[in-house]
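Observations on the three-dimensional arrangement
Here are the chains, one letter per residue:
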Amino acid sequence: SRPILDMSYSRQFLDFQGSSIPSSMKKLVVTKLSQNFREAVTLQQDSPVPLPGDGDLLFSHTMKTWQGVNLVKTFLFSSRFVGINASDINYSAGRYDASVKPPFDIGFEGVGEVVALGLSASADHTVGQAVAYVKAGSFAEYTVVPARQAVPLPSVKPEFLTLMVSGATAYLSLKELGDLSEGKKVLVTAAAGGTGQFAVQLAKKAKCHVIGTCSSDEKGGFLKSIGCDRTINYKTENVESVLRKDYPEGVDVVYESVGGKMFDLALNALAIKGRLIIIGFIAGYQNPTGLQPVKAELLPAKLLRKSASVRGFFLNHYLSDYKMALQDLLKMYERGDLVCEVDFGDMSPEGKFTGLESVFRAVDYMYMGKNIGKIVVELPHSVNSKL
């Protein structure tokens, strides 16, 4: 171990020069570009622990007890949670930035507590503070994050992690592109997933009629519990027939994340002046080309005939509004007005997703369509005592 010296918190912790932050750590690294996550990503056992710069914060995944001599008996560092996103395999395939070559770090979001910080960062943050962040490279035992990118939290809870990418995507896309108002009919595809759960609830809060597609009766039950007016189990019902029969005039807004055939069905189901918002196309992520065919040659005629629109939404293009969205979502959750469903994989064959090693299983679990809510991986607790 080596010391990380930080006078900014010496008033809280007398024996700061004995801080037992290790010199090496585990992390996941993309070593080969591939949409197959297991082929693309390697678990590295002995990567150097990064040091925070002047304006940076250092986060730990693990729980550590630091023993002081006189001032403070123990300083507890909470466990940290990392989120699984469908686009993790797009990142490992190099689809977001063709110029980036392996090796590079992976993982988009995390929640944890500060274990060290740079001098100027100490003006607004303290060691032990609960913080969330969105930044590439979260699948690591220690992560350095610029203080300006950190979002203070009241505590370290996995529910907060669900809001970072998934919740913010639903909030901002519907706010900026959805034009929601009372009585509008909103179709959410993959509605029981990490981001679909928020699209359902936010549309319902706008007093819309909400339809959600899902793959099981269990997911349908969950969707009804969070306000979905009509669920469609596409394994047992024909989505096209249901939409044509129950909504002959079409739907006003579609929150679409599946792609392929589902995109075509959603497009055909649009009402006059309908809006289709594309936030992903998960059905094509595991394909080498990244896309499944759609009937795009008919798209201009279909849109013209209905004065309809198709808009894409990518969270990175709306970062100027990100903190506002997150603060609003956090307030809703704390008031009890928002369900943040977390799936730790407890019902998966090998059990709960714990430790970086389980990220591979968690990604597989998502692509098998098993999750209800946001898939979250918890990192194991370890105690590091100086006594």
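Up top you'll find the structure we're talking about.
Here's a quick rundown of the structure. (Residues numbered from 1 in each chain as written. Predicted model: local features only at pLDDT ≥ 70, side-chain atom pairs only at ≥ 80, totals over all residues. Heavy atoms only, no water.)

Focus on the nonpolar core
For the record, the criterion: In this description, a nonpolar core means a group of buried Ala, Val, Leu, Ile, Met, Phe, Trp, Tyr and Cys residues linked to one another through side-chain atoms lying within 4.5 Å. The buried label applies to any residue whose accessible area, calculated with a 1.4 Å probe on protein chains only, is under 20% of its type's maximum; exposed applies above 50%, and partly exposed to all values in between. Strands are runs of DSSP state E lasting at least two residues, helices are runs of H or I lasting at least four, and both sets are numbered from the N terminus onward. Each domain span listed reflects an automatic or database assignment of domains. Contacts between residues were defined by any pair of non-hydrogen atoms, one from each residue, lying within 4.5 Å.
Core analysis: the biggest nonpolar cluster contains 54 residues, and Leu163, Val188, Val200, Leu223 and Phe313 have the highest contact counts within it. Top element by residues in this core is helix H3 (residues 158–178). It accounts for 11 residues. Counting the residues that make up this core, at least three belong to each of domain 1 (17–156 + 341–378) and domain 2 (164–317). The contact partners of Leu223, leaving out residues within four places of it in the chain, are Ala191, Ala192, Val200, Gly212, Thr213, Cys214, Cys228 and Thr231. Counting 25 residues, the second largest nonpolar core, distinct from the first, contains Ile84, Ile89, Tyr365 and Leu379.

Considering the sheet that holds strand E1 (residues 24–30)
Using the following cut-off: Pairing between strands is defined by DSSP: at least two bridges between the two strands are required.
Within the open sheet, the three strands sit side by side as E2-E1-E7. Their pairing is antiparallel. Because the sheet does not close on itself, it has two edges, and the strands there are strand E2 (41–48) and strand E7 (104–105). The pairing of E1 with E2 spans six bridges and is antiparallel. Residue Met25 lies in a different strand from E2, and its bridge partner there is Ser47.

With respect to the packing of aromatic side chains
For clarity, the cut-off: Between the rings of Phe, Tyr and Trp (Trp by its six-membered ring), a pair exists once the centres lie within 6.5 Å; its type follows the angle of the planes, with under 30 degrees stacked, over 60 edge-to-face, and the other angles tilted. Definition used: whenever NZ (Lys) or CZ (Arg) falls within 6 Å of the ring centre and also within 35 degrees of the ring normal, the charge is taken to sit over that ring.
Applying the stated criterion across every chain, the model contains 10 aromatic pairs. Each ring, one from Phe313 and one from Tyr318, has its centre 4.6 Å from the other, and the planes form 25 degrees; the classification is stacked. The class for Phe313 is buried, based on a relative accessible area of 6%. Ring plane angle 75 degrees and centroid distance 5.2 Å describe the contact between Phe353 and Tyr365, whose orientation is recorded as edge-to-face. Of this pair, Phe353 sits in the loop between strand E18 (342–343) and helix H10 (359–367) while Tyr365 is found in helix H10, placing the two residues 12 residues apart along the sequence. Of the two residues, Phe353 and Tyr365, both sit in the buried class. Positioned above the aromatic ring of Phe160 is the side chain of Lys157, whose terminal nitrogen or guanidinium carbon lies 5.8 Å from the ring centre. Positioned over the ring face of Phe344 is Lys352, at 4.7 Å from the centre of the ring.

Side note on the pattern of salt bridges
Worth spelling out the cut-off: Salt bridges, as used here, are contacts in which a Lys or Arg side-chain nitrogen is within 4 Å of a carboxyl oxygen on Asp or Glu.
Evaluated as defined, the whole model comprises 16 salt bridges. Among the ionic pairs, Asp179 bridges to Lys184, the shortest N-O distance being 3.5 Å. Taking relative accessible area as the criterion, Asp179 reaches 43% and is therefore assigned partly exposed. Take Lys184: its relative accessible area is 22%, and that puts it in the partly exposed class. The partner of Lys204 in a salt bridge is Asp229, and the shortest N-O contact between them spans 2.8 Å. In this pair, Lys204 is assigned in helix H4 (residues 196–205) and Asp229 in the loop between helix H5 (217–225) and strand E14 (230–233), connecting sequence segments 25 residues apart. The partly exposed category is assigned to Asp229, whose relative accessible area is 37%. In the salt-bridge network here, residues are joined through shared partners; they are Arg230, Glu237, Lys245 and Asp246.

Re the layout of surface pockets
Definition in use: Put simply, the grid is 1 Å and covers the protein atoms alone, a cavity is a trapped set of points that fit a 1.4 Å probe, a pocket is an open set with protein on both sides within 12 Å along at least five of seven lines, and lining residues have an atom within 4 Å of a point. Grid points are joined across faces, edges and corners, and a volume is the space filled by probe spheres set on the points.
The space that makes up the second largest pocket amounts to roughly 290 Å³. Contributing to the lining of the second largest pocket are 14 residues, with Glu218, Lys219, Gly369, Lys370 and Ile372 lying nearest its centre. Residue contributions to the lining of the second largest pocket reach at least three from each of two domains, namely domain 1 (17–156 + 341–378) and domain 2 (164–317).

What about the environment of Lys352?
Along the chain, Lys352 turns up in the loop between E18 and H10. Through-space distance from the C-alpha of Lys352 to that of Ala362 is 9.2 Å; in sequence the pair is 10 residues apart. Not counting residues within four places of it along the chain, the set of residues in contact with Lys352 comprises Phe344, Gly345, Asp346, Arg361 and Glu378.

In short, shape yes, function no, at least from these values alone.
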